[in-house]
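What follows is each chain in one-letter form.
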2 protein chains.
Amino acid sequence: MPSYTAPTKDIQFVLHDVLNISGHATPGYGDLDRDFTGAILGEAGKIASEVLSPLNAVGDTEGCVMDNGVVRTPTGFKDAFAQMSEGGWPGIDMPEDFGGMGLPYVMNTAVGEMFSGANMAFTMYQGLTHGAASAILVHGTEGQKATYLPKMVSCEWTGTMNLTEPHCGTDLGLMRTKAEPQGDGTYKISGQKIFISAGEHDMADNIVHLVLGKIVGGPEGIKGVSLFIVPKFLVNEDGSVGARNGVSCGKIEEKMGIHGNSTCVMNYDEATGYLLGEEHKGMRAMFTMMNEARLGVGMQGLAQAEVAYQNALEYAKDRLQGRAVTGVENPDGPADPLIVHPDIRRNLMEQKSFAEGGRAFLLWGSSLIDAAHRGEDKDADGLISLLTPVIKGFLTDKGFDMTIQAQQVYGGHGYIEEWGMSQFARDARIAMIYEGANGIQALDLVGRKLAQDGGKHVMAFFDLVKGFCKENAEVEGMEDFIAPLKAASKDLQAAGMYFMQEGMKNPNNALSGSTDFMHLFGHTCLGLMWAMMAKASLKALADGTSDPVFHETKLATGRFYMTRTLPMTSVHLTRIQAGGEAVMALDAANF
Amino acid sequence: MPSYTAPTKDIQFVLHDVLNISGHATPGYGDLDRDFTGAILGEAGKIASEVLSPLNAVGDTEGCVMDNGVVRTPTGFKDAFAQMSEGGWPGIDMPEDFGGMGLPYVMNTAVGEMFSGANMAFTMYQGLTHGAASAILVHGTEGQKATYLPKMVSCEWTGTMNLTEPHCGTDLGLMRTKAEPQGDGTYKISGQKIFISAGEHDMADNIVHLVLGKIVGGPEGIKGVSLFIVPKFLVNEDGSVGARNGVSCGKIEEKMGIHGNSTCVMNYDEATGYLLGEEHKGMRAMFTMMNEARLGVGMQGLAQAEVAYQNALEYAKDRLQGRAVTGVENPDGPADPLIVHPDIRRNLMEQKSFAEGGRAFLLWGSSLIDAAHRGEDKDADGLISLLTPVIKGFLTDKGFDMTIQAQQVYGGHGYIEEWGMSQFARDARIAMIYEGANGIQALDLVGRKLAQDGGKHVMAFFDLVKGFCKENAEVEGMEDFIAPLKAASKDLQAAGMYFMQEGMKNPNNALSGSTDFMHLFGHTCLGLMWAMMAKASLKALADGTSDPVFHETKLATGRFYMTRTLPMTSVHLTRIQAGGEAVMALDAANF
């Protein structure tokens, strides 16, 4: 059975040596000194390894079962969920007024990677609650906040997001769910929503559904969509749980993975709903949460890559098979461990360099969210808005690829469920799809974000890279990092230039290269992260660190990324510059 | 539920317009005219669509169940298996003396792609029987052939290959299964084998296990391995099925996919075995079959990519979501079909160009096998020996990737099992692992095949590409194909040169790039295939074909591959030339 070890040391390295978070101006960051974050991460890591990880396979095997409308979560989930709630983990970055810990979002990401790596399906219950609570926090009335937030911050009540309907996913303008105003400020919500994660289960006293629907008589299409709070049980004046509302789970979907999470068809039959935010402004209310939610999904991709890598590494060290080509390395054994073989190492190094680079990217992105929200830094807001589709799309595409590579290390043992490697891949697969499929992320990036505010944010990114390269050009040891980073950034700029010139003439020229651009951007970001990490490790070594091996390993891993992975930017550029002609050549009927 | 449509027209195009098989000197090829192959493919395609495809989801859902040592295959498998047997399909390329049709192997591949695309798990039962029968055909005594082949060619009895043990997969020298000579020509076989596909089931009267084991007192390691025939039921003098042999299924594995195939732990407890081939030459007997078996697995990768593509294409045409960026295309509908969106097209074109290029590669490779075996052409034998790891490794790596891309077209619907896209991906995943994991294919390619016979075969490949380019340099319309093919071939040569120079100094420099080389080689082969197909389509158009749309579509699809996929060769070369330093830098303990 696979295991999980929290990468506490690596997270601490990124938070402090690379990002120097306690030196940031962002409110709340001053308190995040190394000891404090170390204590939190240590505690979270213990829960991840000891409580959540052992339930991961249980969740996959048992799944969620519906019986007479009641959904039963897998054995052990309920107790673990209560334990998480008691520890206050679901509300780590929620306001203290509502029972949260009031810590910055970056800490939510840091512990979230651990929980999600140990048990993705389980962690989704609190992740969705977090998303719904955030929406109420920003858009709710004082009354709504008082009614729902204290219970949701503790996860006594959980939350859901209801967007998709059978005939519409991305194109929410086609939505059919309707809301009839009752004249008393409430609405009757009717319709069917599908793919509702954590839609129904047995771990909470109430479930607070946030539901998109159209108020009868409102504008057509996407402009007529509003957001409603629809609790499973109506809430009495005194805050206690009252009568059952007209919402029920019609079915649990059979899925490729995340079996431990109940993905439900939800039926709304004149259910009582309360408007959240303004009428017909439902998409705006939903989108406020998008950056966080999408970053959270990017985190899932990274987290599954990390746990899969950890187990593949152990297997590669344990499993004896064949002999090293350069001479026997384990003369007392019947064979050498897999890790001696160059192709196995190539595979492991790809995983390791992705996981560590991706983690830095994710934590940097989270610190930008804090700067935007807590620090009201408009530039940070613009930058993270640009980077969000990259974090989501690139980290989940690559995260999934890495789970497949990790599975490959096991040979046939990777394919049987017993060893758990299949589950990592099956679970990771959903992250490429939900919260906006990765093709939509690429479209958002190229079609919207790139040109936002006159291209100001992408220019800021280039300036940041340029500044870093200039500042560190002469630093000994940085030469292995600066030149490849410059080359990648040049490819990214050339791609942006191509879109500006050719996309104007024909948008298909830009959009045919959108996925390539997202990956080109992702690689460049990881190149930047590796350069920043290299700088931090060189400094630590120069300062006489007590742990030189950690930093030398970091440098070697970074050099691998720069020489063997980052060159992907050139082929992405070539593909982008090939334009839309070959992509759009065929009539649909001739495929 | 997904469907399957046999790509008969495309196979016919490759066989006749591209490969001109009926004009080959290979014995038996003269009979393969267009009408004859068309009749066979038409019949096979019908069975694939109507009989096998509907059972694919059934196999996945029900799986194989063991009850009291008896393994039950999914509903409908037994009848369909009998139907295949009655139709003579399992013996299509087996000698007529033993009840086969005596057709060339290329026809086995052509219909095999259909059967495997329609139902991979089902088709494995006859695929493994084919492999075992081939081994008996080549290495068996006259008595063994007479006893086993007629029954195996018809699939009344099925076959298995028993190599892997719990502690050894790739490194078979570690094998523990032992064979005690009984003095009467028979052996008592004892040991445990794992991951035995079709190891036990209810569709055949007998199961003929081919088992690798070590004769007691023989040489150590791989040099002491022999191959044995171990039937489930001993065979009486008159050929009828006799007493139960000491072999049993200990367990059916729970796997990620191919649930319809029973993957068994097989226990041998003093089972009676008969030596197949020579003592201690078991590996050689097994390896005789390797080219065919590995090509067959490459075919599985391609076949899953094809069926996944077919369904993704249908979905992309049906599903209405969003509007085309260049203007509404379906004004009467609430939205445009997915296929109008450039990123969806990019995805579909990648799938289509891979499936058609891969199919040509596979059929060309099969024709080389025929030339080698039937035509006793040593050069063809050398070339297919070189290309086999590329066919297996590249087509299964990419084939799996394509099933993931096809799944992505469905968004959330791709993740739920109901739509069947998950199964294609889960089934395709095993092809990267079994019959030699793809890392082993890459090792075989770079470590053995490249330098075989003084590098003669890789030089022959380069000459072939060079000759083709020269011959077609001036042909109008070929300019889109020749230049990219030349560039790819140049990258491949540079990589080979690097291995020669740097691999000599340190084998890690070559082996760190082995997987990249396998992919670089695969892309170059598909580039060659597309150039050959383009030539055939240009000719057809010049000759005034009655189906210009087919050939224009072919050319457009080829141009997509040449401009957007083939440039991958440059990044593979860059990675290869980065050498082993970054790959091997870390001590195993510091990962």
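This is a predicted model, so every value here is computed, not measured.

K.L.:
Mind showing me how you'd approach the overall build of chain A here?
P.N.:
A tally of helices and strands in chain A yields 21 helices and 11 strands. Its C-alpha atoms give chain A principal-axis dimensions of roughly 80 × 60 × 55 Å. Taken across its 591 residues, chain A has 64% of its residues classed as buried. In chain A, the share of contacts with a sequence separation of at least 24, taken over all contacts with a separation of at least 6, comes to 74%. For chain A, the computed accessible surface area is about 20600 Å², with 51% contributed by carbon and sulfur atoms. Side chains of chain A carry 47 positive and 71 negative charges; the gap between the two charge centres is 4 Å.

K.L.:
Explain the UniProt feature "domain: Acetyl-CoA dehydrogenase-like C-terminal" (unreviewed entry) in chain A here, please?
P.N.:
On the UniProt side, "domain: Acetyl-CoA dehydrogenase-like C-terminal" (unreviewed entry) is annotated at positions that read residues 461-587 of chain A here. Structurally, residues 461-587 of chain A comprises 83% helix and 0% strand, and the distance from its first C-alpha atom to its last is 39 Å.

K.L.:
Would you take a moment to explain the nonpolar core for this structure?
P.N.:
A general tendency of soluble globular proteins is for nonpolar side chains to be buried together. Ranked by internal contacts, the top residues of the largest apolar core, which has 386 residues, are A:Phe461, A:Phe521, B:Phe461 and B:Phe521. Setting aside its immediate chain neighbours within four residues, B:Phe461 contacts B:Trp364, B:Leu383, B:Leu387, B:Leu492, B:Phe521, B:Thr524, B:Cys525 and B:Leu528.

K.L.:
Any chance you could explain the domain arrangement of chain A here in plain terms?
P.N.:
Residues and elements named next belong to chain A. Each domain of chain A was delimited in the assignment, giving domain 1 (8-286), domain 2 (289-436) and domain 3 (453-583). Between domain 2 and domain 3, the C-alpha centre-to-centre distance is 19 Å. Counting from both sides, the interface comprises 23 residues of domain 2 and, opposite them, 23 residues of domain 3. Overall, the association of domain 2 and domain 3 removes approximately 2000 Å² of surface from exposure, summing both partners, and the carbon and sulfur fraction of that is 80%. Sorting the residues of domain 2 by area buried against domain 3 places Ser353, Trp364 and Phe394 first, and these three jointly supply 26% of that buried surface.

K.L.:
How should I be thinking about the UniProt feature "domain: Acyl-CoA dehydrogenase/oxidase C-terminal" (unreviewed entry) in chain A in this particular structure?
P.N.:
Those residues carrying the UniProt feature "domain: Acyl-CoA dehydrogenase/oxidase C-terminal" (unreviewed entry) are residues 281-445 of chain A in this numbering. Taken as a whole, residues 281-445 of chain A contains 73% helix and 0% strand, while its terminal C-alpha atoms sit 23 Å from one another.

K.L.:
Help me understand the packing of aromatic side chains in this model?
P.N.:
Residues and elements named next belong to chain A. Counting across every chain of the model gives 35 aromatic pairs over all chains. Ring pairs connect the aromatic residues Phe461, Phe462, Tyr498, Phe499, Phe517 and Phe521, which therefore count as one cluster. Positioned above the aromatic ring of phenylalanine 233 is the side chain of arginine 244, whose terminal nitrogen or guanidinium carbon lies 5.5 Å from the ring centre.

K.L.:
I would appreciate a short explanation of the relation of the copies chain B and chain A in the present structure.
P.N.:
Comparison of the two chain copies shows a relationship of rotation about an axis with a shift along it. Once turned by 180° and shifted 0.0 Å along the axis, chain B lies on chain A with an RMSD of 0.0 Å. Both copies of the chain, as the preceding transformation shows, are related through a two-fold rotation axis. When each C-alpha of chain B is compared by its distance to the rotation axis, B:Val571 comes out closest, at 3.3 Å. Mapped onto chain A, 99% of the interface residues of chain B are again interface residues, and the two copies thus contact each other with one and the same surface.

K.L.:
Teacher, can you tell me more about helix 10 (residues 342-373) of chain A here?
P.N.:
In an α-helix there are 3.6 residues to a turn, and that puts residues three or four apart on one side. The end-to-end C-alpha distance of helix 10 of chain A is 46 Å, a good match for the 46 Å that 32 residues give at a rise of 1.5 Å each. Of all 32 residues making up helix 10 of chain A, 31 are buried, and the element is well covered by its neighbours.

K.L.:
Is there a simple way to explain helix 1 (residues 8-18) of chain B in this structure?
P.N.:
Residues and elements named next belong to chain B. With eight of 11 residues buried, helix 1 is to be regarded as a mostly interior element. Listed as buried for helix 1 are Asp10, Ile11, Gln12, Phe13, Val14, Leu15, His16 and Val18. Looking at the buried residues of helix 1, the elements they touch are helix 2 (34-52), helix 5 (105-118), helix 10 (342-373), helix 18 (514-542) and helix 19 (548-565). Immediately beyond the C-terminal end of helix 1, within one or two residues, lies asparagine 20, with a positive phi of roughly 45°.

K.L.:
Would you mind showing me how to read the interface of chain B and chain A here?
P.N.:
The parts lose accessible area when they come together, and the size of an interface is often stated as this lost area. Taken residue by residue, the interface counts 92 residues in chain B and 91 residues in chain A. Here chain B meets chain A over a buried area of about 7500 Å², counting both sides, of which 62% is carbon and sulfur. Our count for the chain B to chain A interface comes out at four salt bridges. One salt bridge connects B:Asp516 with A:Arg564, and the closest N-O pair in it is separated by 3.4 Å. On the surface where chain B and chain A come into contact, there are 44 residue pairs in polar contact (both at pLDDT 80 or more). Here the element with the most residues in the side of chain B that touches chain A is helix 19 of chain B; it accounts for eight residues.

K.L.:
Any chance you could explain the pattern of salt bridges here in plain terms?
P.N.:
Pairs can form between side chains of opposite charge whenever their charged atoms are close. Residue and element names in this part refer to chain A. Evaluation of the coordinates by the stated rule reveals 66 salt bridges over all chains. Salt-bridge contacts for arginine 34 lead to aspartate 17; the nearest nitrogen and oxygen are separated by 3.1 Å. Of the two residues, arginine 34 is situated in helix 2 (residues 34-52) and aspartate 17 in helix 1 (residues 8-18); the sequence distance between them amounts to 17 residues. Since its relative accessible area comes to 31%, aspartate 17 is described here as partly exposed. A salt bridge links lysine 352 to glutamate 356; the shortest N-O distance between them is 2.8 Å. Of this pair, lysine 352 and glutamate 356 both sit in helix 10, four residues apart, which is roughly one turn of that helix. When its relative accessible area of 9% is taken as the criterion, glutamate 356 is described as buried. Taken together, the shared-partner salt bridges connect Asp10, Glu113, Glu306, Lys352, Glu356, Arg359 and Lys554 into one network.

The rules we used
Residues numbered from 1 in each chain as written. Chains lettered and ligands numbered in written order. Predicted model: local features only at pLDDT ≥ 70, side-chain atom pairs only at ≥ 80, totals over all residues. Heavy atoms only, no water. Helix = DSSP H or I, 4+ residues; strand = E, 2+ residues; numbered from the N terminus. Buried < 20%, exposed > 50% of the residue type's maximum accessible area, 1.4 Å probe, protein only. Contact = heavy atoms within 4.5 Å. Areas by Shrake-Rupley, 256 points an atom, 1.4 Å probe, with all protein chains shown as cover. Lys, Arg positive; Asp, Glu negative; His and termini not counted. Charge placed at Lys NZ, Arg CZ, Asp CG, Glu CD. UniProt positions renumbered as here; feature names shortened; annotations may be inferred. Core = buried A, V, L, I, M, F, W, Y, C linked by side-chain atoms within 4.5 Å. Domains from an automatic or database assignment. Buried area = accessible area lost by both parts, 1.4 Å probe. Phe/Tyr/Trp six-rings, centres within 6.5 Å; stacked < 30°, edge-to-face > 60°. Lys NZ or Arg CZ within 6 Å of the ring centre and 35° of its normal. Least-squares fit on C-alpha atoms with pLDDT ≥ 70 in both. Expected span 1.5 Å × (residues − 1). Salt bridge = Lys/Arg side-chain N within 4 Å of Asp/Glu carboxyl O. Polar contact = N/O pair within 3.5 Å; in protein donor to acceptor, adjacent residues only side chain to side chain.

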